[in-house]
Amino acid sequence: MENKYNTWYHPYKPATKYKKKVAYFSMEFGIDQSFNIYSGGLGFLAGSHMRSGFELKQNMIGIGMLWKYGYYDQARNDDQTLRTEFNEKHFDFLEDTGIEVEVKLHDNPHVKVRAYVLKPEIFGTVPMYFLSTDVEGNDHLSRTITNHLYDNNPVTRISQSIILGIGGANVVEALGGADTYHLNEGHALPAFYYLRDKGVKKNQMVFTTHTPEKAGNEEREARHLNRCGFFGRTLSEEELQKETVNGGMINYTIAALRMAKKANGVSKLHAKVANDMWKDYDGVSEIIPITNAQNQKFWQDASIKKAWTNKKAKAYKTRKTILKKELFDEVYKQTGKMFDPKVLTFVWARRFAGYKRADLLLHDMERFKRLISNEKFPVQIIWAGKPYPFDYQAIDVFNYLVNQSKGENNLAVLVGYEIDLSKKLKCGSDVWLNTPRITREASGTSGMTAAMNGSVNVSTNDGWIPEFEKDGENCFVLPELDYRLPVWDQDKIDADNLYDILENKVIPTYYDEPKKWQDIVFSAIDGVIPEFTSRRMADDYYKKLF
């Protein structure tokens, strides 16, 4: 059969203001529960972007990786603690494009990379191409490169960047080339080196940086990368010298910032933090803010939307009760605990990482116990999220919460945190807890989709929150502290403030002033839509970056 998708093709005529051909490279995309090749926020964000690109008729395509085992499946050991499982995935909605390119890796000049297309009609995204090295003719080692998202082996990780970057750039060439090459985070950096050699100009390369976290800004030894084939060819000592920073290292973020005509951070605060982080390196591009956002059509419950549009409090409450029951069915299924839809329910759910402080509520055990055993104002708390499978500290926090919640009938820790569960948690919670240490959360989009569904943000003033917050009117914000304080002190002050806000504002408002609570819910939705929807974001990328 003739495949239209082995050239640059869209099922629509691109809108005039979006006619520039853009190739968007990302290590992960969260598009649908059935296509579980994402780890978290970066993927959810990229998936929403691809959906909005389709809705706005943009001339964009996505370039990603086809992970044979996805990220990992989150299960439980017999004592309910976290177990990581790696199960092979099958996606019969992908089609082989027949495009196969070869990439030089280490000592192997002929690693084959095959491109599979996800057509727009499947999930309502722009056309997307997923790369696999699990191809006939590749040796065993080459075939395993696309096994695991964020593989723990550093050499495999480098190979993954080369496949996404250089393999991806080759696939885009096979499709007819792009006007703009956009790297969503530094993982696909080899694309820029390869394209620069091919004569692609600086003004065709753009870059998004997503995190002030050290681990998110990879830095590796330049000579080692050169041997691996990272630059698309072997660079001479002098050429290599030009690319290095910090004594012989290649920092993916700095390298991308130097090669891109323009870059963006993912909130106003993050752009400030990022410009400050990289300002001492010469030749880096300006970092403008384009705040992250999420796709409204995908994430917002239709009945909640209708109740909000018509400002019908009664219809909202009826629907919210149903959504709470759906979430509590999941709680019951996993933990055997019967949660009550009439009870105020907090959710903390996102990737488990140290700076996000899943356990902040437990810092003062006495106050925590008081909070969860108050009979006049009962609460229920749910935690969920996936730690990186080799981040043993984060897994330890997860297991600590599991063990703390065992004896309490109103606490639950859920596994299987992927798109479906994420939706249930956002729709079924009353309060969305967001507790990162200030300046560490570049954007944090989970609170946006929670707010769309009437879950009220209780948050530190980080990431996207400063652009949204009207404290006490559409959310509750912890007083800002000096982020240069020692971590121990920050955690103590933030925890005390969190207890105060919950005890004196959030909980009494919910129970004693239901009308005021409803106003907060509706004004939060007003504040999120359209400002924090990916329609606005996808438009901004074309206007400000491409």
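Fair warning: this is a prediction, and the values are worked out from it, not measured in the lab.

Thresholds, definitions, all that
- Residues numbered from 1 in each chain as written.
- Predicted model: local features only at pLDDT ≥ 70, side-chain atom pairs only at ≥ 80, totals over all residues.
- Heavy atoms only, no water.
- Buried < 20%, exposed > 50% of the residue type's maximum accessible area, 1.4 Å probe, protein only.
- Helix = DSSP H or I, 4+ residues; strand = E, 2+ residues; numbered from the N terminus.
- Right-handed = clockwise from strand over helix to strand, strands pointing away.
- Pairing = 2+ DSSP bridges.
- Polar contact = N/O pair within 3.5 Å; in protein donor to acceptor, adjacent residues only side chain to side chain.
- Contact = heavy atoms within 4.5 Å.
- Axes fitted to C-alpha atoms, helices over the stretch in contact; angles between N-to-C directions.
- Expected span 1.5 Å × (residues − 1).

## With respect to the pairing of strand β14 (residues 344–349)
Then step 1. Most of β14 sits out of view: 6 of its 6 residues are buried.
Then step 2. Covered by surrounding structure in β14 are Leu 344, Phe 346 and Trp 348 together with Thr 345, Val 347 and Ala 349, the residues of both alternating faces.
Then step 3. Crossover handedness for the path β14 to helix α13 (residues 365–372) to strand β15 (residues 379–384): right-handed.
Then step 4. The pairing of β14 with strand β17 (residues 431–434) spans 2 bridges and is classified as parallel. Bridge pairing in β17 links Val 347 to Trp 432.

## What to know about helix α8 (residues 252–259)
Then step 1. Within α8, 7 of the 8 residues are buried, leaving the element largely enclosed by the surrounding structure.
Then step 2. Those residues of α8 lying buried are Tyr 252, Thr 253, Ile 254, Ala 255, Ala 256, Leu 257 and Met 259.

## Here's the deal with the side chain of Arg 357
Then step 1. Relative to the assigned elements, Arg 357 resides in the loop between β14 and α13.
Then step 2. A relative accessible area of 2% places Arg 357 in the buried class.
Then step 3. Polar side-chain contacts of Arg 357 include one of 3.3 Å to the backbone oxygen of Pro 436.
Then step 4. There is a polar contact of 2.6 Å between the side chain of Arg 357 and the side chain of Asp 491.
Then step 5. With near-sequence residues (within four places) excluded, Arg 357 lies in contact with Trp 348, Thr 435, Pro 436, Arg 437, Thr 460, Gln 490, Asp 491 and Asp 494.

## Focus: the sheet that holds β14
Then step 1. Ordered in space as β16-β15-β14-β17-β18-β19, the 6 strands form an open sheet in which the pairing is parallel. Each edge of the open sheet is held by one strand with a lone partner, namely β16 (411–414) and β19 (476–477).
Then step 2. Both β17 and strand β18 (residues 456–459) contribute to a ladder of 4 bridges, which runs parallel. Its bridge partner being in β18, Leu 433 is matched across the sheet by Val 458.
Then step 3. The strands touched by helix α14 (residues 392–405) within the sheet are β15 and β16, with β16 carrying the most contacts at an inclination of about 145°.
Then step 4. Contacting β14, β15, β16 and β17, helix α15 (residues 419–428) runs over the sheet at an angle of about 160° to β15.

## Focus: helix α4 (residues 154–175)
Since the α-helix advances by 3.6 residues per turn, residues separated by three or four positions end up pointing in the same direction.
Then step 1. Between its first and last C-alpha, α4 extends 31 Å over 22 residues, near the 32 Å set by a 1.5 Å rise per residue.
Then step 2. In terms of burial, α4 is a largely internal element, 18 of the 22 residues being buried.
Then step 3. Two or three places before Val 155, at the opening of α4, Asn 153 has a side-chain oxygen 2.8 Å from that residue's backbone nitrogen.
Then step 4. Downstream of α4 by a residue or two, Gly 176 has a phi angle that is positive, lying close to 120°.

## Section: the sheet that holds strand β2 (residues 60–65)
Then step 1. What the 9 strands build is an open sheet, ordered β5-β6-β7-β2-β1-β8-β9-β12-β13; its pairing is mixed. Looking at the sheet topology across the chains shown, the edges are occupied by β5 (95–105) and β13 (287–289). The sheet shows a mean angle of 25° between the axes of neighbouring strands, direction not considered.
Then step 2. By the bridge criterion, 4 bridges tie strand β8 (residues 180–184) to strand β9 (residues 205–208) in an arrangement that is parallel. Paired with Tyr 181 across the strands is Met 205, a residue of β9.
Then step 3. Lying on the sheet, α4 is in contact with β1 (22–25), β2, β5, β6 (108–118), β7 (128–132) and β8; it crosses β5 at an angle near 125°.
Then step 4. The sheet contacts of helix α20 (residues 534–545) involve β1, β2, β8, β9, β12 (262–265) and β13, and relative to β12 the element is tilted by about 145°.

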